[in-house]
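The residues making up each chain are set out below.
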Amino acid sequence: MKTSNKFTLCRIILAPVFFILYFIPVWLKSGPSSFISIASVCLLIPLLAYAELTDYFDGHFARTHGEVSDFGKMFDPFADVFLHLSTFTCFVFSGYMPVIFYVLILYREFSQMFLRMIAAKQGTAIAARKGGKLKTVFYVASCFFALAHESVKRLGFAEYLNLSVVLYIGYGFFAICVILAYVSFVDYLKNFGSILKDVSK
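In this report, the structure presented in the accompanying data block is examined.

What counts, and at which threshold
Residues numbered from 1 in each chain as written. Predicted model: local features only at pLDDT ≥ 70, side-chain atom pairs only at ≥ 80, totals over all residues. Heavy atoms only, no water. Helix = DSSP H or I, 4+ residues; strand = E, 2+ residues; numbered from the N terminus. Rg over C-alpha atoms; globule rule 2.2 N^0.38 Å. Contact = heavy atoms within 4.5 Å. Areas by Shrake-Rupley, 256 points an atom, 1.4 Å probe, with all protein chains shown as cover. Salt bridge = Lys/Arg side-chain N within 4 Å of Asp/Glu carboxyl O. Buried < 20%, exposed > 50% of the residue type's maximum accessible area, 1.4 Å probe, protein only.

As a further point, take the overall build of the protein chain. Check the secondary structure of the protein chain and you find 6 helices and 0 strands. Shown N-terminal to C-terminal, the secondary structure of the protein chain runs as helices and strands in the order α-α-α-α-α-α. Since a compact globule built from 201 residues should have a radius of gyration of about 17 Å, the 18 Å found for the protein chain is in line with a globular shape. The contacts of the protein chain with a sequence gap of at least 6 include a subset with a gap of at least 24, amounting to 82%. Accessible surface, the protein chain: about 10,500 Å² in total, of which carbon and sulfur atoms supply 72%.

The subject of this paragraph is the pattern of salt bridges. Should their charged atoms come close, side chains of opposite charge can pair. Across all of its chains, the model carries 7 salt bridges by this definition. A salt bridge links D58 to R11, with the shortest nitrogen-to-oxygen separation between them at 3.0 Å. Of this pair, D58 sits in helix α2 (residues 35-64) while R11 sits in helix α1 (residues 3-27), and the two are 47 residues apart along the sequence. Assigned by exposure class, D58 and R11 land together as buried. A salt bridge links D76 to R11; its shortest N-O distance comes to 2.6 Å. Here the residue D76 occupies a position in helix α3 (residues 70-94), and R11 occupies one in helix α1, the gap between them amounting to 65 residues. Each member of the pair, D76 together with R11, is buried.

Next up, the structure:
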């Protein structure tokens with residue numbers, strides 16, 4: 001496997017690891033400031049940071065080592081969706097992401113994957129466009145904001161802070177994610193929608 005694809009694979013592997021580590025304190029009913037809650041914070045933050053950095057590394061190695069391929073163009077966005085839907089599920093459960101935002105993003109991502117699948121069958125690999133990359137940046141920012149919110153609670157600092165304001169700021173981040181997700185999807189449809197028309201005839 002090419003080096004760039006190995007970095008992409010890391011995101012797919014780390015997604016369920018993040019999910020499990022996030023929920024271990026919940027499943028064990030560990031309270032704030034407990035060893036398990038604190039340990040989860042110490043593991044989750046660097047894990048998510050590394051998982052997100054692999055998105056940069058796979059692109060960097062693909063370009064500098066001449067590893068750009070149609071497979072990579074499909075594999076990279078799939079890994080992004082796999083990771084972000086996993087983390088979003090955690091944040092929906094904790095109340096940091098409104099479930100309606102999650103469902104809207106879920107619909108968008110599955111629609112996008114369908115478009116990529118049809119395009120690939122027609123011999124066209126759809127690479128990430130600028131709108132899609134901007135959307136991903138806000139996905140990442142929103143995830144870290146929500147994880148920071150949860151970390152404050154797990155470390156036992158919630159009683160000293162007004163987190164209700166922070167919660168609504170987080171809602172704002174996720175609202176922007178939804179908007180950018182659909183704006184970028186419309187852009188993909190404008191550029192590749194003709195493939196769907198040709199196939200559906």
